[in-house]
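Reading the structure
Residues per chain are reported as follows:
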Amino acid sequence: MKFLTIVFLSFSFSVVANVQAFTHSELQVIYERLNISTFRSSLMPKRTKDKIYLSQMGFSKPSYFSDGFLIDNKDWVYTFTVIEKKDKNRDGVTDYTICFSDKSKAGTYNAVQPMLISPLGVDGQYIALSYTVDGC
């Protein structure tokens, strides 16, 4: 009986711990091609007609971790954590569920929002879709 319980618990933990792995190159493409004009954040006022990608904002290079990246500059900390990689809206394109944290170092602004991004924009840019996302 103990053996069956141990086998059952081991199987249960492996199902619960189904964590997706994201490659450095996947995360780097999201950083380089994420169109910041497609979602609301403190990044909006920083964009211009010629600078719409996160990578064009002149921030320090991101620090990558297993499922996302962090941009830490003088006044702000931006964290992008990938929660899931899946074709969420069933259009044949892989989407990424992201948890975006936007925190001011000097003030009290601290926002966290889940969003679904997809490489559907011009030239493969990642755009945030209007889609209900569970996450953060």
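Structure: see above.
These figures come from a predicted structure and were not determined experimentally.

Rules of the game
Residues numbered from 1 in each chain as written. Predicted model: local features only at pLDDT ≥ 70, side-chain atom pairs only at ≥ 80, totals over all residues. Heavy atoms only, no water. Buried < 20%, exposed > 50% of the residue type's maximum accessible area, 1.4 Å probe, protein only. Helix = DSSP H or I, 4+ residues; strand = E, 2+ residues; numbered from the N terminus. Arc of directions from axis to C-beta. Contact = heavy atoms within 4.5 Å. Pairing = 2+ DSSP bridges. Disulfide = S-S within 2.5 Å. Salt bridge = Lys/Arg side-chain N within 4 Å of Asp/Glu carboxyl O.

**Details of helix 2 (residues 24-33)**
Glu26, Leu27, Ile30 and Tyr31 are the residues of helix 2 that are buried. Taken around the axis of helix 2, the buried residues stretch over an arc of 140°, which confines them to a single face. In this structure, the buried side of helix 2 is in contact with strand 1 (63-65), strand 2 (68-72), strand 3 (76-86), strand 4 (95-104) and strand 5 (110-118).

**Quick word on the pairing of strand 5**
Note that strand 4 and strand 5 share eight bridges and pair antiparallel. The residue bridging Cys99 from the neighbouring strand is Pro114, located in strand 5. As consecutive antiparallel partners, strand 4 and strand 5 are separated by five residues. Across three bridges, the pairing between strand 5 and strand 6 (residues 127-129) is antiparallel. Following the sheet pairing, Ser118 is matched in strand 6 by Ile127.

**Some thoughts on the environment of Ala21**
Tracing the sequence through the fold places Ala21 in the loop between helix 1 (2-16) and helix 2. In this structure the C-alpha to C-alpha distance between Ala21 and Ser66, which are 45 residues apart in sequence, comes to 7.2 Å. Discounting residues that sit within four places of it in the chain, Ala21 has contacts with Glu26 and Lys85.

**Focus: unusual backbone geometry**
Although it is not a glycine, Arg90 sits at a positive phi angle of roughly 55°. One can find Arg90 in the loop between strand 3 and strand 4. Located in the positive-phi region is Asp123, a residue other than glycine, with phi close to 60°. Residue position: Asp123 is located in the loop between strand 5 and strand 6.

**Here's the deal with the pairing of strand 3**
Pairing between strand 2 and strand 3: five bridges, direction antiparallel. Note that in strand 3 the partner of Phe69 across the bridge is Phe80. What sits between strand 2 and strand 3 in their antiparallel hairpin is a turn of three residues. As defined by bridge partners, strand 3 adjoins strand 4 across 10 bridges and the pair is classed as antiparallel. Looking at strand 4, one finds that Lys86 is bridged to Asp95.

**Comments concerning the state of the cysteines**
Taken as a whole and assessed by the stated rule, the structure comprises one disulfide. Through a disulfide, Cys99 is tied to Cys136; the S-S separation comes to 2.1 Å. Here the residue Cys99 occupies a position in strand 4, and Cys136 occupies one in the segment after strand 6, the gap between them amounting to 37 residues. Cys99 gets classed as buried once you look at its relative accessible area, which sits at 16%.

**What to know about the pattern of salt bridges**
With the rule as written, the count across this model stands at three salt bridges. Linking Lys85 and Glu26 is a salt bridge whose minimum nitrogen-to-oxygen distance equals 2.9 Å. Placement of the pair is Lys85 in strand 3 and Glu26 in helix 2, with a sequence separation of 59 residues. Owing to a relative accessible area of 16%, Glu26 belongs among the buried residues under this scheme. Lys105 is the partner of Asp72 in a salt bridge, and the nearest nitrogen-oxygen pair spans 2.5 Å. Taken together, the residues Asp72 in strand 2 and Lys105 in the loop between strand 4 and strand 5 connect sequence positions 33 residues apart.

Spatial relationships are all this shows, so hold off on functional conclusions.
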